[in-house]
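Each chain, letter by letter, is given below.
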Amino acid sequence: MFNIFRQTREDRRDCLIVQRGPMKGECISKGESLEAAERFLEKCIIGGLAHSFDVDSGQWVKAYPEVTGYLLSYFAQDFAEGNVPKVIVSAANKLVRIQHRNGGFASFSDKNRLFTFDTAQIMHGLASFHVATKENRWLEAAIRAANFVCDMQLPDGSFFPIYDLDRDAAYVEPRGQWGISFSPIQTKNIEGLILLHQLTGKHRYAKASDCLITFGQKACNLSYTHPGAYCLEGLWAAGKTDFVQDVLKNKILPRLHSNGFFAIRCKSSLCICFRQRSNGDSFL
């Protein structure tokens with residue numbers, strides 16, 4: 001969850017030591033680095049949605065409603081200081097406008113498939129906006145999203161990943177990965193469900209979170225660090241710190257290389273890692 005890593009203004013005065021390049025060994029301000037990243041995050045919102053950027057072509061490409069939700073969660077913390085960029089508020093309004101009447105959100109360009117994971121991350125962002133502003137419109141949209149998420153849950157705590165509007169049915173790819181299977185990435189949904197329970201007191205959200213904790217602990221898979229991290233984030237938010245620390249110690253830290261590189265995938269004893277070119281660039 002973004003706000004776990006949120007720095008205070010005072011923290012930003014600290015410095016980072018440059019590890020490579022012509023400025024190696026020099027100290028640069030954390031604040032300058034963080035604020036440059038925040039400017040990028042503001043700039044990536046085009047038409048109300050966050051977009052990815054293709055470095056090779058120099059073009060903004062597909063929109064990410066899911067990531068837009070992350071940005072709401074992150075920037076909502078600046079409301080107290082009156083510093084939330086207008087473009088972030090416009091993104092919140094955009095998400096409310098494109099929300100399906102059943103509470104779900106589509107991902108990318110296919111408007112007929114609503115994604116549970118994406119909806120849950122947007123749910124958290126909208127709920128965070130409500131916490132910051134006390135405006136009910138954000139909470140109302142977050143509740144619609146939460147009800148959609150809960151409707152997609154199975155008794156074992158897992159989730160159907162997609163609601164197909166053409167079929168009018170929940171949908172899963174039997175051999176799919178991550179966002180289209182019964183994946184432990186959905187464990188991250190705990191963050192938003194806990195927040196919705198705190199805001200509404202509705203037992204349904206607490207029950208969904210509890211079931212998801214059970215599922216996440218059984219199904220957590222660290223073969224790929226990206227989806228595995230989603231699972232751990234949700235369990236950490238649920239207070240399962242001993243479980244998370246044990247996984248980090250026994251399954252994550254052993255992958256850390258002496259130069260600080262972290263392998264993105266491990267299967268048996270094989271890790272997919274970056275190799276170093278003689279000019280310093282990295283490649284798979």
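For the structure, see preceding data.
Residues numbered from 1 in each chain as written. Predicted model: local features only at pLDDT ≥ 70, side-chain atom pairs only at ≥ 80, totals over all residues. Heavy atoms only, no water.

**Overview of the packing of helix α5 (residues 136–151) against helix α6 (residues 190–200)**
Where α5 contacts α6, the two axes come as close as 11 Å, and the packing angle between them is 125 degrees. Viewed along their axes, α5 and α6 adopt a mutual orientation that is oblique. Read as a crossing pair, α5 and α6 show a hand that is left-handed. The residues of α6 that touch α5, namely those facing Leu139, Ala142, Ile143, Ala146 and Cys150, are Leu193, Leu196, Leu199 and Thr200. (Axes fitted to C-alpha atoms, helices over the stretch in contact; angles between N-to-C directions. Helix = DSSP H or I, 4+ residues; strand = E, 2+ residues; numbered from the N terminus. Parallel < 35°, antiparallel > 145°, perpendicular 65-115°, else oblique. Left-handed = near helix turned anticlockwise from the far one by under 90°. Contact = heavy atoms within 4.5 Å.)

**Side note on the nonpolar core**
Leu72, Ile88, Met123, Leu126, Phe129 and Leu196 are the most contacted members of the largest nonpolar core, which has 55 residues in total. With near-sequence residues (within four places) excluded, Phe129 lies in contact with Leu72, Ala76, Phe79, Val84, Ile88, Val89, Ala92, Lys134 and Trp138. (Core = buried A, V, L, I, M, F, W, Y, C linked by side-chain atoms within 4.5 Å. Buried < 20%, exposed > 50% of the residue type's maximum accessible area, 1.4 Å probe, protein only.)

**Comments concerning the layout of surface pockets**
Taken as a whole, the second largest pocket encloses approximately 410 Å³ of empty space. Lining the second largest pocket we find 19 residues, and of these Glu66, Phe108, Phe117, Asp118 and Gly179 sit closest to its centre. Of all the elements in the fold, those that place two or more residues in the lining of the second largest pocket are α2 (65–75), β7 (110–115), α4 (116–133) and α8 (225–237). When its residues are assigned to classes, the lining of the second largest pocket shows 10 nonpolar, 5 polar and 4 charged. (1 Å grid on protein atoms, 1.4 Å probe; cavity = no way out; pocket = protein on both sides within 12 Å on 5 of 7 lines; lining within 4 Å. Points joined across faces, edges and corners; volume = space filled by probe spheres on them. Nonpolar A, V, L, I, M, F, W, Y, C, P; charged D, E, K, R; others polar.)

**A look at the side chain of Thr187**
Within the secondary structure layout, Thr187 lies in the loop between β9 (169–171) and α6. Residues within four places of Thr187 in sequence aside, it is in contact with Leu212, Phe215, Gly216, Tyr230, Cys231, Gly234 and Leu235.

**Details of unusual backbone geometry**
Backbone geometry places Lys134, a non-glycine residue, at a positive phi of 65 degrees. Among the structural elements, Lys134 can be located in the loop between α4 and α5. Phi is positive for Asp168, which is not a glycine, with a value near 55 degrees. Looking at where Asp168 falls in the secondary structure, it is placed in the loop between β8 (162–164) and β9. Overall, the relative accessible area of 56% leaves Asp168 in the exposed class.

**Points about the pattern of salt bridges**
One pass over the full model with this rule turns up 6 salt bridges. Of the charged contacts in the structure, one is a salt bridge between Arg113 and Asp110, with a shortest N-O distance of 3.6 Å. Under the relative-accessibility criterion, Arg113 is labelled partly exposed at 24%. A salt bridge links Asp151 to Arg204; the nearest nitrogen and oxygen atoms lie 2.3 Å apart. On the criterion of sequence distance, the pair formed by Asp151 in helix α5 and Arg204 in helix α7 (residues 203–219) is long-range, its members being 53 residues apart. Salt bridges linked by common partners bring Lys188, Glu191 and Glu233 together as one network. (Salt bridge = Lys/Arg side-chain N within 4 Å of Asp/Glu carboxyl O.)

**Some details on the sheet that holds β9**
Across the sheet, which stays open at both edges, the 4 strands sit in the order β6-β7-β8-β9 with antiparallel pairing between neighbours. Both edges of this open sheet fall to β6 (106–107) and β9, since each of them pairs with a single strand only. Pairing analysis gives 3 bridges linking β8 to β9, with the strands arranged antiparallel. Paired with Asp164 across the strands is Ala169, a residue of β9. Across the sheet, α4 is in contact with β6, β7 and β8; its angle to β7 comes to roughly 75 degrees. (Pairing = 2+ DSSP bridges.)

**Notes on the pairing of strand β5 (residues 59–64)**
Sheet analysis places strand β4 (residues 49–54) next to β5, joined by 4 bridges and oriented antiparallel. In the strand pairing of β5, Ala50 is matched with Tyr64. Two successive antiparallel strands, β4 and β5, enclose a turn made up of 4 residues, where Gly58 displays a positive phi of approximately 70 degrees.

**Quick word on the packing of helix α3 (residues 86–98) against α5**
Two quantities define a packed helix pair, namely the angle between the axes and the distance from one axis to the other. Where α3 meets α5, the axes come as close as 10 Å, and the angle between the chain directions of the two elements is 45 degrees. Taken together, α3 and α5 sit at an angle that is classed as oblique. In this structure, the crossing between α3 and α5 has a hand that is left-handed. Contacts between α3 and α5 involve Val89, Ala92, Asn93 and Val96 on the former and, on the latter, Arg137, Trp138, Ala141 and Arg144. Considered class by class, the residues forming the contact of α3 with α5 number 5 nonpolar, 1 polar and 2 charged.

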